[in-house]
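As a plain string of letters, each chain reads:
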Amino acid sequence: MTRAGHRWENAGMAINNTITLFDLQFASGCTTSPYVWRTKYALKHKGFDIDLVDGGFTDILERTGGRSDRLPVIVDEDRWVLDSMVIADYLDQRYPHRPLLFPCPAYKPAMRFLDSWIWNTVISAWFENYIADYHALSRAEDQPYVRETRTMFVSAATLEEAQAGREDRLPHLPARLEPLRKLLQETPWIGGDTPDFWDYSALAIFLWLSSLATIPPLTEDDPLRDWLDRGFDLFDGIGRHPGLHSLFGLQLRPGDPEPFERGGIGQAVTPTNVGPGAPVQPRK
Ligand SMILES: N[C@@H](CCC(=O)N[C@@H](CS)C(=O)NCC(=O)O)C(=O)O
């Protein structure tokens, strides 16, 4: 459910099992922020309908009545909650009888680890390689702000210079995701037999990428595709907005590295321990 032009004064009546979520969108209307994406999944995991408040970057303060310049923000009845992790904690504390987002104490630190691993491994690199697209895909009224704020984070003088030459850099990135591929060879979801907040958090990062990937970052045959497709299909196709781009179809050129390990090399369990150890006692 979407309500364009929504204002904070009448926001947040969590009636009919519905929680209000302030969205961060590109001109196409698709969500771009990975933190908003993971909050969308979190709300669905808890069984809520989402009352989505449309908007982009430069209207966040106005939309939230001066409460925040960052998203996600939710409103549950009269309670305003800011920050995706705080929101997840809030949802578990207020609705403990619905499926938990943090089912045990070790869960949250492991999620932070997974998050920072993905950010450090690929996201910073992808950020620069798509940063001019990020600007072009933003709403017209957001573009001057996006240019000004994002130029500070890139290693070149302009967003266009930062993105230039990406055809040479993009083929080097998929191989970095091999540990995630290995994990998903063993289990259908990062969370085990069913998807959980670990999956949602990682999927949210790929949905951010999909919101701006005007040229594909992964090859057609990437083994991550199965998990990504299943994850984007969850909750009636939560990740299937028409404004999103396909992640698959990266064209490799002669000399580019292999994008992933083929044939499960390194997966076999060593059958015999031939290292030093106590001599085996003969059976009597
Ligand atoms: N720690 C916050 C991070 C929120 C955040 O940084 N959101 C970004 C979008 S990814 C934002 O609202 N940016 C607004 C802007 O750049 O003006 C969370 O987990 O919710």
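Residues numbered from 1 in each chain as written. Predicted model: local features only at pLDDT ≥ 70, side-chain atom pairs only at ≥ 80, totals over all residues.

## With respect to the packing of helix α1 (residues 34-45) against helix α3 (residues 84-94)
Alright, step 1. Orientation of α1 relative to α3, taken along the N-to-C sense of each, is 10°, at an axis distance of 9 Å. With respect to α3, the element α1 is oriented roughly parallel. Within the contact between the two elements, α1 uses Y35, R38, T39 and A42 and α3 uses S84, I87, A88 and L91.
Alright, step 2. For the contact of α1 with α3, the residue count by class is 5 nonpolar, 2 polar and 1 charged. (Axes fitted to C-alpha atoms, helices over the stretch in contact; angles between N-to-C directions. Helix = DSSP H or I, 4+ residues; strand = E, 2+ residues; numbered from the N terminus. Parallel < 35°, antiparallel > 145°, perpendicular 65-115°, else oblique. Contact = placed C-beta atoms within 7 Å. Nonpolar A, V, L, I, M, F, W, Y, C, P; charged D, E, K, R; others polar.)

## Structural notes on the packing of helix α4 (residues 107-129) against helix α10 (residues 197-212)
Alright, step 1. Between α4 and α10, whose axes approach to 10 Å, the crossing angle comes to 15°. Classified by the angle their axes make, α4 and α10 are roughly parallel. Considering only the axes of α4 and α10, their crossing is right-handed. Along its contact with α4, which presents M111, L114, D115, I118, I123 and W126, the element α10 presents F197, W198, S201, A202, I205 and L209.
Alright, step 2. The class makeup of the residues in the contact of α4 with α10 is 10 nonpolar, 1 polar and 1 charged. (Left-handed = near helix turned anticlockwise from the far one by under 90°.)

## Describing the site of the ligand
Alright, step 1. Near the ligand you find L24, S33, P34, Y35, F57, R70, L71, P72, D83, S84, M85 and T149, and these make up its full shell.
Alright, step 2. Those elements that provide at least two residues to the shell around the ligand are α1 and α3. (Near = placed C-beta within 6 Å.)

## Description of the confidence of the model for the chain
Alright, step 1. Averaged over every residue, the pLDDT of the chain is 90; the share at 70 or more is 87%.
Alright, step 2. Confidence over residues 1-13 falls short of pLDDT 50; this stretch has 23 contacts with residues more than four positions distant or in other chains. (pLDDT = per-residue confidence, 0-100.)

## Overview of the nonpolar core
Alright, step 1. If you look at the biggest cluster of nonpolar residues, it comprises 61 residues, and the most contacted ones within it are A42, A204 and L209.
Alright, step 2. Top contributing element to this core by residue count: α10, with 12 residues.
Alright, step 3. Excluding its chain neighbours within four sequence positions, the residues that come into contact with A42 are I87, A88, L91, L101, F197 and Y200. (Core = buried A, V, L, I, M, F, W, Y, C linked by C-beta atoms within 7 Å. Buried ≥ 20, exposed ≤ 12 C-beta atoms within 10 Å, placed from the backbone.)

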